[in-house]
Protein chains: 2
Amino acid sequence: MGISLTLKDIFAPARDEAIDSSFLDTDFYKLPMGYFVWRNPEYRNVEVTFELIIRDPKIKLAKVIPEDVLREQLDASRKVQLTSAEASFVGGMTLSDNKTPIIPGNYLAELCKMDLPGYSLETTEDSQYRLRFTGPWWKVKWWEIKGMKIVSELFYYHLIKYFELSEFEVVALYTKMIQILHQKINFLKKFPQVKYMLFDTRRRHSLSWQEFVMWTMRSEIPNQCLGSSNVKLSMRHGSANPFGTNAHGLPMVKACLAGDDVEKIKSAQYEIVEEWYDVFGEELSIMLIDTFGTKQFLDNAPEWMAHKYKGCRPDSMNPDTATDMMVKWWEKHGVDPKTKLILPSDGLDVESMITHHERNKGKVGTVSFGWGTMAGNDCRDAWPRESGCPFFRPFSMVCKVVEANGVPAVKLSDNPKKATGDPKRVEFFKKIFGTEGSKSQEVVV
Amino acid sequence: MGISLTLKDIFAPARDEAIDSSFLDTDFYKLPMGYFVWRNPEYRNVEVTFELIIRDPKIKLAKVIPEDVLREQLDASRKVQLTSAEASFVGGMTLSDNKTPIIPGNYLAELCKMDLPGYSLETTEDSQYRLRFTGPWWKVKWWEIKGMKIVSELFYYHLIKYFELSEFEVVALYTKMIQILHQKINFLKKFPQVKYMLFDTRRRHSLSWQEFVMWTMRSEIPNQCLGSSNVKLSMRHGSANPFGTNAHGLPMVKACLAGDDVEKIKSAQYEIVEEWYDVFGEELSIMLIDTFGTKQFLDNAPEWMAHKYKGCRPDSMNPDTATDMMVKWWEKHGVDPKTKLILPSDGLDVESMITHHERNKGKVGTVSFGWGTMAGNDCRDAWPRESGCPFFRPFSMVCKVVEANGVPAVKLSDNPKKATGDPKRVEFFKKIFGTEGSKSQEVVV
């Protein structure tokens, strides 16, 4: 590892090989979430559909990535199963008691044998791919990161092919990205209190580039870069366990299972947080509560959550506003915010992490960050031709649950621009949850 | 080659291996000059001393390069002999008749067996190395490029060691150099008429970096980068023959052989040019005439030289002034300057090449350039720490004849700052040749 990584290596995976070469080349949170779904007979086999959503209308995937190439990569990814060595690594991670595995062995044994459901792929009239994955929840959920990382890597690689960059222009491009990385690290070194985990798998440039970024940050600022959400890279690098919590899919599906029962829809978000704590306890007790709006969640949340949950991950609200809101909520329930953690993770970069940390560090116990796309794929200014390329940049893409048990899934979020779901059902949910605290903000990634 | 070259490779040669791994890892002009000296019994065994001269007082080699390391590299270099395959490559280059070898086989056979003379190395009080090479001219002359490239590579490598750059800082440094190279190439692409040969062996960063620069320029702008002076790299790359003419050593030694005979000293510079033409004819007929001042040379040069020599290489006078002076000289002798070549080679960079080309292209037939240190070792802005490093840059270093046959050697040059030699003898020469046309200019490399 290290500088023995060649410039060719950094870009190689998207060239000739399968992009997906390990079941663990995914975010850690998929594992506890996967176990959470699998262990509950009410959840395990619910039929769920995920869909790739490109939020940025200027990015036309079908103009860049050839359909047969995309199919080949997706087909290859279906064949990648969890190995016994990978299962050992995951199985060895324990809760804070140092003995209870976070992910039990019987579930890992099932994962080793699991077949991934298929996908459906169509090209729309506006040169977009409509990529959907349908199947039993415990299985189909693994497509989320797989689908995104494959599309993301193929997009950059085929953009370079499309513009016929020369071999040296490719070198110039990636050395510029290294320079950008170098500037970020030099900047961060001046703020040694700013600490983060890398959340950069889904919209990555390539696996090798992600690994290079991780190696570099763990070598240069090991006390600031605490590790990665990527399980495979954490296993390979070997210096820190992967990290992650949970995602919006849980309350979204739970709300689908409630059908049109308003009371059940309302309580779904709390039940998930409660069930999660029952399964993983203190260790993974970081709340993600913006699925239907943070404000309404906190207003009606049970008091015990303020005491037991060690922190919160704001993902669609300005982290300053979110911190103030959380502090108020903790104080309302007689909890000292200085014992709690805030983990912002929404489109962060060096400047925003520093700003938020400086402002909020005195208000809560710990401010850490989930630093994603701008850590692992900041290629905005790296195009090697003076003409520039308006598409060679990170873009807003998600892979979300769109339906469960035949009912459309909804995410309202604190930022209407990050909302997803069938418009009629979204309106229905807005009536249920209100929109207090909701504020529109530009979505970069 | 190409991007399969790793960042580690680029810097590897200076790390653990011998820097000098091939007898042909030198400038092409050493071969015709070497043959020129060897073939003439009056020249062959003259005892000559070369000395490494650091013109820049801020660069203290002995503070940076450990003496034992320098000795090891010089000792290793002594053992490197010309191989039969290398001799074949050199022997296959012919004059414009396509049959007469430029370098005859009997000389190459001698070179394959030649033992390199030793060296003397002392550390001076001001932390400089006094590195001298003494021996028969035809042998000792090979030390010039060997000595310089070894010192140059060791200097940068040990500077990095001295400041304990991290592995990633080294990556950041070399990717910055790639970015600088990329900018130069993008700039040159806008001026496709600007053509040059790479003259970047002596003050290079490392062999791998030199090779990377050559590969890049030959791939990106093959109609502008016409090749390299480095014989080994030309052989390995295989796309263009190496190129070179001759250097100041010839008239300098010839003037030593003249002792104190003023007439003989005066005629030495012309005799060399005449002998050179007799041996190599049209093919290598590019004059280097600034050894004792260009103006005085031209004023008294025989008319036939204006007709027969295809061009001139100004090396210490502003190329615009030199071009005007040459044009006047050619016209005085009834020669159309539009049939002639000017090849400036003094401390050039992209901007100066473009400027000189634009100004002089209509005046002579061809303006080409010998682009050296700023092509192959522009590390001025690459230091990865914000504090900067005032020593990590190209610096002015030469390895010159200082004595021949017991007589001190002198170079006056058109720029007094590039003059070398014993001060008394320099004054003596100034009286003989005058200083008309001499103008002081800052020497960067």
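Rules used in this analysis
- Every chain is numbered independently, its residues counted from 1 as its sequence is written.
- Working convention: letters from A go to chains and numbers from 1 go to ligands, in the order in which they are written.
- Selection of residues for local features in this predicted model requires a pLDDT of at least 70, selection of side-chain atom pairs for listing and counting requires 80 or more, and totals for whole chains, interfaces and linings are taken over all residues.
- Side-chain measures here rest on the full set of heavy atoms in the structure, leaving out hydrogens and waters.
- Strands here are runs of E lasting at least two residues and helices are runs of H or I lasting at least four, both read from the DSSP assignment and numbered beginning at the N terminus.
- Throughout, the radius of gyration refers to the C-alpha atoms, and the reference size of a globule is 2.2 Å times the residue count to the power 0.38.
- Here's how the labels work: a residue is buried when its accessible area is under 20% of the maximum for its type, exposed when over 50%, partly exposed in between, all with a 1.4 Å probe on protein chains only.
- Throughout, the Shrake-Rupley method with a 1.4 Å probe supplies accessible areas, and for residues the shown protein chains are the sole cover considered.
- Note that His is not counted, nor are the chain ends; the positive residues are Lys and Arg, and the negative ones are Asp and Glu.
- By convention, the point assigned to a charge is CZ for Arg, NZ for Lys, CD for Glu and CG for Asp.
- Any two residues whose heavy atoms approach within 4.5 Å at even a single point are treated as in contact.
- One bridge is not enough; two strands pair if DSSP finds at least two bridges between them.
- Within this document, salt bridges are pairs made up of a side-chain nitrogen of Lys or Arg and a carboxyl oxygen of Asp or Glu, the two lying within 4 Å of each other.
- One less than the number of residues in a helix, times 1.5 Å, gives the span that helix is expected to have.
- The bend at a residue is defined as the angle formed between two axes, one fitted to the seven residues ending at that residue and one fitted to the seven starting there.
- Each polar contact in these results corresponds to two N or O atoms within 3.5 Å; when the atoms are within protein, one needs to be able to donate a hydrogen and the other to accept it, and residues that are neighboring in sequence are counted only if both atoms are side-chain atoms.
- Whenever a pair of cysteine sulfur atoms sits within 2.5 Å, that pair is classed as a disulfide.
- Axis lines are fitted through C-alpha atoms, for helices just across the contact stretch, and the angle between N-to-C directions can take any value from 0 to 180 degrees.
- For this classification, under 35 degrees means roughly parallel, over 145 means roughly antiparallel, 65 to 115 means roughly perpendicular, and everything else is oblique.
- A crossing counts as left-handed when the near helix is turned anticlockwise from the far one by less than a right angle, and as right-handed when that turn is clockwise.
- All residues other than Ala, Val, Leu, Ile, Met, Phe, Trp, Tyr, Cys, Pro, Asp, Glu, Lys and Arg, Gly among them, are scored as polar; the first ten of these are nonpolar and the last four charged.

## Quick notes on the overall build of chain A
Each helix and strand in chain A was counted, giving 20 helices and 11 strands. At 21 Å, chain A has a C-alpha radius of gyration in line with the 22 Å of a compact globule built from 445 residues. Structurally, chain A occupies a C-alpha span of about 60 × 50 × 45 Å along its principal axes. By residue count, 61% of the 445 residues in chain A fall in the buried class. Counting only carbon and sulfur atoms, one obtains 48% of the accessible surface of chain A, whose full area is about 16,700 Å². The distance from the centre of the 58 positive side-chain charges to the centre of the 59 negative ones in chain A is 2 Å.

## Some words on the side chain of E220 of chain A
Relative to the elements of secondary structure, E220 of chain A occurs in helix α11 (residues 207-220). In contact with E220 of chain A, not counting residues within four places along its chain, are I185 and K189 of chain A together with S166, F168 and E169 of chain B.

## Quick look at the sheet that holds strand β4 (residues 195-198) of chain A
Residue and element names in this part refer to chain A. Taken together, the six strands give an open sheet; going across it, the order is β5-β4-β9-β8-β7-β6, and neighbouring strands pair in parallel fashion. Two strands in the sheet have a free side with no partner beyond their single neighbour: β5 (225-228) and β6 (286-287). When β4 meets β5, the two strands line up parallel, connected through three bridges. Counterpart to M197 in the pairing with β5 is G227.

## Some details on the side chain of E86 of chain B
Residue and element names in this part refer to chain B. Position of E86 among the secondary structure elements: in helix α6 (residues 84-91). There is no salt bridge for the buried E86, and the closest opposite charge comes from K232, which lies 6.3 Å off by N-O distance. When near neighbours in sequence (up to four residues on either side) are disregarded, E86 contacts S22, F23, L24, Q81 and M235.

## Details of helix α14 (residues 262-280) of chain B
All names here are of chain B. Between its first and last C-alpha, α14 extends 28 Å over 19 residues, near the 27 Å set by a 1.5 Å rise per residue. Taken as a whole, α14 carries its principal kink of about 40 degrees at A268. Inspection of α14 places I265, A268, Q269, Y270, I272, V273, W276, Y277, V279 and F280 among the buried residues, and these make up the whole buried set. The N-cap residue of α14 is D261: its side-chain oxygen and the backbone nitrogen of E263 are 3.1 Å apart.

## So, the pairing of strand β2 (residues 119-123) of chain B
Residues and elements named next belong to chain B. As judged from the five bridges shared by β2 and strand β3 (residues 129-136), these two strands associate in the antiparallel manner. Within β3, the position partnered with E122 by the bridge is R130. Hairpin connection, β2 to β3: the antiparallel pair is bridged by five residues, and S127 has positive phi, about 55 degrees.

## With respect to unusual backbone geometry
Positive phi outside glycine occurs at E164 of chain A, with the angle close to 50 degrees. Within the element layout of this structure, E164 of chain A appears in the loop between α9 (143-162) and α10 (167-189). Backbone geometry places S413 of chain B, a non-glycine residue, at a positive phi of 70 degrees. Mapped onto the fold, S413 of chain B is located in the loop between β11 (407-408) and α20 (423-433).

## Some thoughts on the state of the cysteines
Residues and elements named next belong to chain A. All told, the structure shown has zero disulfides over all chains when counted by the stated rule. Between C389, a free cysteine, and C379, which holds the nearest cysteine sulfur, the sulfur-to-sulfur gap is 9.2 Å. Overall, the relative accessible area of 10% leaves C389 in the buried class.

## Looking at the sheet that holds strand β1 (residues 47-54) of chain B
What holds strands together in a sheet is hydrogen bonding between their backbones, with the strands either parallel or antiparallel. All names here are of chain B. Here five strands make up an open sheet; going across it, the order is β2-β3-β1-β10-β11 and the pairing antiparallel. Every interior strand has two partners, whereas the edge strands, β2 and β11, have only one. The sheet contacts of helix α5 (residues 67-78) involve β2 and β3, and relative to β2 the element is tilted by about 170 degrees. Where helix α9 (residues 143-162) meets the sheet, it contacts β1, β2, β3 and β10 (397-404), and its direction lies at approximately 145 degrees from that of β10.

## Quick notes on the pairing of β1 of chain B
Residues and elements named next belong to chain B. Among the eight residues in β1, six count as buried, and that is most of the element. Pairing of β1 with β3 involves five bridges; the strand directions are antiparallel. Residue E51 lies in a different strand from β3, and its bridge partner there is R132. Note that β1 and β10 share seven bridges and pair antiparallel. In the strand pairing of β10, E51 is matched with K400.

## Re helix α18 (residues 350-360) of chain A
Taken residue by residue, α18 of chain A has V350, M353, I354, H356, H357 and N360 of chain A as its buried positions. Against the buried residues of α18 of chain A lie α10, β4, α17 (319-332) and β9 (366-371) of chain A.

## Comments concerning the environment of I160 of chain B
Residue and element names in this part refer to chain B. Looking at where I160 falls in the secondary structure, it is placed in helix α9. The exposure class assigned to I160 is buried, which follows from its relative accessible area of 5%. Sequence-wise, I160 and L188 are 28 residues apart; in three dimensions their C-alpha atoms are separated by 30 Å.

## Things to note about the environment of I53 of chain B
Residue and element names in this part refer to chain B. Position of I53 relative to the elements: it lies in strand β1. Since its relative accessible area comes to 21%, I53 is described here as partly exposed. In this structure the C-alpha to C-alpha distance between I53 and M397, which are 344 residues apart in sequence, comes to 5.7 Å. Beyond its immediate sequence surroundings of up to four residues, I53 is in contact with S396, M397, V398, K400, V402 and T420.

## A few points about the packing of α10 of chain A against α18 of chain A
All names here are of chain A. As a packed pair, α10 and α18 sit with axes 10 Å apart at the nearest point and diverge in direction by 15 degrees. Here α10 is positioned roughly parallel relative to α18, judged by the angle of their axes. The handedness of the crossing between α10 and α18 comes out as right-handed. The segment α10 lies against α18, with K184, F187 and L188 engaging V350, E351, M353 and I354. Here the residues of the contact of α10 with α18 sort into five nonpolar, no polar and two charged.

## Looking at the packing of α5 of chain B against α9 of chain B
All names here are of chain B. Closest axis-to-axis distance for the α5/α9 pair is 10 Å, and the angle between their directions is 145 degrees. Two packed elements cross with a definite hand, and for α5 against α9 that hand is right-handed. Residues V69, L70, Q73, L74, S77 and R78 of α5 form the contact with α9, whose own contacting residues are W143, K146, I150, V151, L154 and H158. In the contact of α5 with α9, the residues fall into seven nonpolar, three polar and two charged.

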